[in-house]
Every structure is written in structure tokens, then in C-alpha cells.
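Observations on the three-dimensional arrangement
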Amino acid sequence: MKKFVSVCHIGAGRIGFTLEFDKKRLKPASHIGMWKKNKQVKLSGICEKKKIKKIFLKKIPKETNIYKNYIKMIKTEKPDIVSIATWKDTHFEITSKCIDLGIKIIVLEKPLANTLKQAKFLIKKIKKNNVKVLVNHRRRFDKEIIKLRKLIKSGIIGEIIQATSYYVYGILTTGTHLVDTLRMLLNDVAGDVQSVTGFKNKFGLYHPKDDENIDGVLTFKNNLKATIQSLNIKMYDNFDIYIYGTKGKILITGIGRSGLIYKIIKSPEHKGFDELDQKSKKMFGPKPRNQFGLLANNAIDCLLKKNVKPLCDDKDSFIDMMIIDALLKSSNQKNRTIKLKIKN
Ligand SMILES: NC(=O)c1ccc[n+]([C@@H]2O[C@H](COP(=O)([O-])OP(=O)(O)OC[C@H]3O[C@@H](n4cnc5c(N)ncnc54)[C@H](O)[C@@H]3O)[C@@H](O)[C@H]2O)c1
């Protein structure tokens, strides 16, 4: 048996590599960082189209070969795992080619593909070739958010009756993480999203050129409604999620780092009424968790253990894409409610 797992990485931009040099971030903070830090891994190759700056080049291990062509890299290095952190419109082509080249474990930045048609094609190809694709919706790789999902299922705040949530900077760029986290947390108790209504945000909030801020309502299978609403990243970053249950409230705040629970108390002001306590109890945070570490370990386990599945896979990313596509359509069609066909 080989002593190490051989990994090749494609795309040494921000999430691929350079966020590793953000002094404030918990490390690893990038794909290359997570592979470098993992003791089971040999980072055999890195492929980057552009010239890698000297200051970054210095931090690449000596044993790692640098390529400009990923096909050549994969043919030469024959890695066990490939990770991809290139632009979203290249994910389809590169993932598809990696499968053709015989790669069985692929770590892919979100989204799975650029269009639903491409995503459908990829899902079939992934299944046919027995490939495991891990899509990096980072909260799926957060041990505290994973624990929270179980607590919600166990009824820690009773039956879930409302959810409200916020994001910044484009429905595709960041909204997709919010949609995915809501689905992750609520699937067990509410089923999957069955219909959506989308609204263009008209407050001139900052967003990428090709990616609008859409507000919306997601209706889950059991009729639970979750709203997603956009804010302005130029004012402040935000990823707050409020979940209301029959026995209390959970607030995920601090861009997902902290979880707070609010219990029901007797009203201090109105006789005969109960209300939510203003004081919360900490469930987790504010320290960030090692999400990249769990992503790397999950990928290695997917390679070495038959029964291990990706914590976030191609189908999850496809469903997130379907929801966002429908939100955009609805916002362009006088906010009509659009039904989705997602199997639970
Ligand atoms: N999961 C997250 O939290 C998160 C955060 C940021 C970005 N992303 C996603 O990661 C992806 C990359 O975003 P980014 O901000 O790092 O972009 P970026 O532009 O900083 O980096 C992308 C890099 O890929 C390289 N590249 C593109 N095509 C290539 C090819 N064929 N071969 C080799 N290199 C190639 C580019 O030269 C560039 O350096 C996007 O899909 C984005 O949505 C995810």
C-alpha cells in the first residue's frame, strides 16, 4: 500500500491559495493550505494558468511540481485526488475532463457547473464512473453546524415554524451558501425546498456585475417558510440565520461562527404571557472551526473507505443551483411562485 495520498490542485487564486496569507484567517484557509497541512497527503502538483507571484511561490513545497496545463499535470502525476478552485464557468469542463482521466475523488469549489444542463450531464457522468465529488459549501464541513443539524432534528427548540436569514454580495456568489446551509439545517425536519418566490432587491446594494441580490421565500416540503434577504457588503458582512421553534429560538450569527439559543420565559411585563428570553445561551463560537481540515479528511476517507460519502456532494450543489435559478426566474416574472421537483 502507498504511504501517502497523492493530490493535485488546479487554480491557485484566492480560495485555491492566496487566502492562506490573510493574517486574520484560521489556517488552513485555502485548498493548497489544507493539502499542505494534511500529514497523509503528498501535494504532487499545482496547476495555475497565470504566473504565481514569488512571495506565494516560496510557500509551495519543494516536492510539488508546478504546471500550466492541468491535463498534462494529471497524466504525469497520476494523483488519487484532484481539487479544483478555478472560475465557476470552468468547473464543468475541468471536472468532466478529470473524470475522463480516471480521477475518482474530486474536491470542487462551488458551484458544480455554470448551467443546470451542464450540472445534469455531470451528475450522470459522476454516477456512471463511480466518482465522489465533494463540493465546498464550507458550512457542511463545520463540526458545530453539523452538530446543530442533529440538535434541531432532536427537537432542541421543538417543532421549527419559521426561519429568516441574511446574506450579502450576490445570490450566486454568497446567497448559494445561505440556501445550502438552510437546506442542510432544515432538511431533516422540513424535507427539501418545494417552491420559491424571488424579489429583486431595489435598495442599490453592492453586488458583483453579473450576480444580483435577490430576496426570496423558500417553501419546504412540510410548508415551512424560510426567507432569504440581502444586505450591503459595503456596509457590513452578514450571514445571520434566525430559526424559530415551538420551544425557543436559535440564532446563527458572526458569519456563521456563533450559535445562540433563546429559551421561553414568563413575560416580565405582561401577566399570562410567555416570551423569548433576551439573554441567550451560547451553543458554539465565536472561534471559527477548521472547515478546510474536515474537507480534506472527508476527501481522504472517501478515497480510502468504501462507505464514506461526501459531506456535500454534486447533488447538493445541483439542488442549490435549481433553487437559485428558480429565484432568479421568479424575480424576473413578477414574483410568481415557482414549483421545484426535488426528491426527498
Ligand atoms: N467556498 C467558498 O467559501 C468560496 C470562497 C471564494 C471563492 N469560491 C469559489 O471558488 C472559485 C474560485 O474563486 P476565487 O475567488 O479563488 O477566484 P480567483 O480568480 O482568485 O482564482 C481562480 C484561479 O483559477 C485560475 N484558473 C482558471 N482556469 C484555470 C485553468 N484551466 N487551469 C489553471 N488555472 C486556472 C485563475 O488563473 C485564477 O488564478 C469560484 O468558483 C468561487 O465561486 C468559493
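Rules and cut-offs
- Counting starts from 1 at the beginning of each chain's written sequence and moves along it residue by residue.
- Local features in a predicted model are, by the rule used here, given only for residues with pLDDT of at least 70; side-chain atom pairs are given and counted only at 80 or more, and totals for whole chains, interfaces and linings are based on all residues.
- Here a strand is any run of E in DSSP of at least two residues, a helix any run of H or I of at least four, and the numbering for each starts at the N terminus.
- Atoms counted for the radius of gyration: C-alpha only. Globule rule: 2.2 Å times the number of residues to the power 0.38.
- Exposure classes come from backbone-placed C-beta atoms, where a residue is buried if 20 or more other C-beta atoms lie within 10 Å of its own, exposed if 12 or fewer do, and partly exposed in between.
- We call two residues in contact if the C-beta atoms placed from their backbones are at most 7 Å apart.
- Where a domain begins and ends is set by an automatic assignment or by a domain database.
- Charged means Asp, Glu, Lys or Arg here, nonpolar means Ala, Val, Leu, Ile, Met, Phe, Trp, Tyr, Cys or Pro, and polar covers whatever is left, Gly included.
- At least two DSSP bridges between two strands are needed for those strands to be called paired.
- Angular values range over 0 to 180 degrees, each being the angle between N-to-C directions of two axes fitted as lines to C-alpha atoms, with helices fitted over their stretch in contact.
- Put plainly, near means the residue's C-beta atom, positioned from the backbone, lies within 6 Å of the molecule or strand in question.
- The pLDDT score gives, residue by residue, the confidence of the prediction method on a 0 to 100 scale.
- Oblique is the label for any angle not under 35 degrees, not over 145, and not in the 65 to 115 range, which are roughly parallel, roughly antiparallel and roughly perpendicular in turn.
- Whether a crossing is left-handed or right-handed is set by the direction in which the near helix is turned from the far one by less than a right angle, anticlockwise for left-handed and clockwise for right-handed.
- Each nonpolar core reported here comprises buried Ala, Val, Leu, Ile, Met, Phe, Trp, Tyr and Cys residues connected via C-beta atoms within 7 Å.
- A helix is expected to reach a length of 1.5 Å times the quantity of its residues less one.
- Read the arc as the range of directions from the helix axis to the C-beta atoms.

The next subject is the overall build of the protein. Looking only at helices and strands, the protein has nine helices and 17 strands in total. Relative to its length of 344 residues, the protein is compact, with a C-alpha radius of gyration of 21 Å against a globular reference of 20 Å. In terms of principal-axis extent, the alpha carbons of the protein reach across some 75 × 40 × 40 Å. For the protein, the residues scored as buried account for 43% of the 344 residues in total. For the protein, long-range pairs separated by at least 24 residues make up 68% of all intrachain contacts whose partners lie at least 6 apart in sequence.

Glancing now at the domain arrangement of the protein. As assigned here, the protein comprises domain 1 (5-138 + 292-312) and domain 2 (140-288 + 322-332). When each unit is reduced to the centre of its C-alpha atoms, the spacing between domain 1 and domain 2 is 29 Å. Top contributing element to the side of domain 1 that touches domain 2 by residue count: helix H8 (residues 291-304), with three residues. Taken together, the residues that form the side of domain 1 that touches domain 2 break down as seven nonpolar, two polar and two charged.

This part takes up the sheet that holds strand E2 (residues 41-47). Strand order in the open sheet formed by six strands is E3-E2-E1-E4-E5-E6, with parallel pairing between adjacent strands. If you trace the sheet from one side to the other, it starts and ends with strand E3 (65-67) and strand E6 (132-135), each paired once. Within this sheet the neighbouring strands show an average axis-to-axis angle of 20°, counted without direction. Two elements, strand E4 (residues 81-84) and strand E5 (residues 105-108), share four bridges in a ladder whose sense is parallel. Its bridge partner being in E5, Val 82 is matched across the sheet by Ile 106.

One can find Pro 79 in the loop between helix H3 (70-77) and E4. It is 9.0 Å that separates the C-alpha atoms of Pro 79 and Leu 43, two residues lying 36 residues apart in sequence.

Here strand E13 (residues 258-262) shows a clear split, with Gly 259 and Ile 261 buried on one side and none of Ser 258, Leu 260 and Tyr 262 buried on the other. When strand E12 (residues 248-253) meets E13, the two strands line up antiparallel, connected through five bridges. Bridging from a neighbouring strand, Leu 251 pairs with Leu 260 of E13. Hairpin connection from E12 to E13: four residues lie between these consecutive antiparallel strands, with Gly 254 at a positive phi of about 65°. Bridging between E13 and strand E16 (residues 281-284) involves three bridges; their strand directions are antiparallel. Counterpart to Ile 261 in the pairing with E16 is Lys 281.

Here we take up the site of the ligand. Every one of the 21 residues lining the ligand counts as a neighbour, but Gly 11, Gly 13, Arg 14, Thr 86 and Glu 109 are closest to it. Its residues assigned to classes, the shell around the ligand comprises seven nonpolar, six polar and eight charged.

Regions with low pLDDT should not have their predicted coordinates read in detail. Mean pLDDT over the protein: 97, with 99% of residues reaching 70 or higher. Averaged pLDDT values over the elements of the protein bottom out at 93 in helix H2 (residues 54-57) and peak at 99 in strand E11 (residues 241-245).

Moving on: the sheet that holds E11. Read across the open sheet, the nine strands follow the order E16-E13-E12-E11-E7-E10-E9-E8-E17; overall the sheet is mixed. If you trace the sheet from one side to the other, it starts and ends with E16 and strand E17 (338-339), each paired once.

As a packed pair, helix H4 (residues 91-100) and helix H5 (residues 116-128) sit with axes 11 Å apart at the nearest point and diverge in direction by 15°. In terms of orientation, H4 and H5 fall into the roughly parallel class. The crossing of H4 and H5 is left-handed. Here H4 contributes Phe 92, Thr 95, Ser 96 and Ile 99 to the contact with H5, which in turn contributes Gln 118, Leu 122, Lys 125 and Ile 126. Taken together, the residues of the contact of H4 with H5 break down into four nonpolar, three polar and one charged.

Among the nonpolar cores identified, the biggest contains 88 residues, and Val 82, Ile 106, Leu 134, Leu 186 and Ile 323 are the most heavily contacted of them. There are two domains that each give this core at least three residues, and those are domain 1 (5-138 + 292-312) and domain 2 (140-288 + 322-332). When neighbours within four sequence positions are excluded, Leu 134 is seen to be in contact with Val 107, Leu 108, Leu 295, Asn 298, Ala 299, Cys 302, Pro 310, Cys 312 and Asp 313.

Before going further, it helps to examine H5. Every α-helical turn comprises 3.6 residues, leaving residues that sit three or four positions apart pointing alike. A rise of 1.5 Å per residue sets the reference length of H5, with its 13 residues, at 18 Å; its end C-alpha atoms lie 18 Å apart and thus fit the reference within 8%. Of the residues making up H5, those classed as buried are Ala 119, Leu 122 and Ile 126. One side of H5 holds all its buried residues, which, seen down the axis, span an arc of 65°. For H5, exposure combined with an orientation more than 90 degrees from the buried face picks out Lys 117, Lys 124, Lys 127 and Lys 128. Among the structural elements, H4, E6 and helix H9 (314-332) are those in contact with the buried residues of H5. At the exit of H5 stands Asn 130, carrying a positive phi of roughly 55°.

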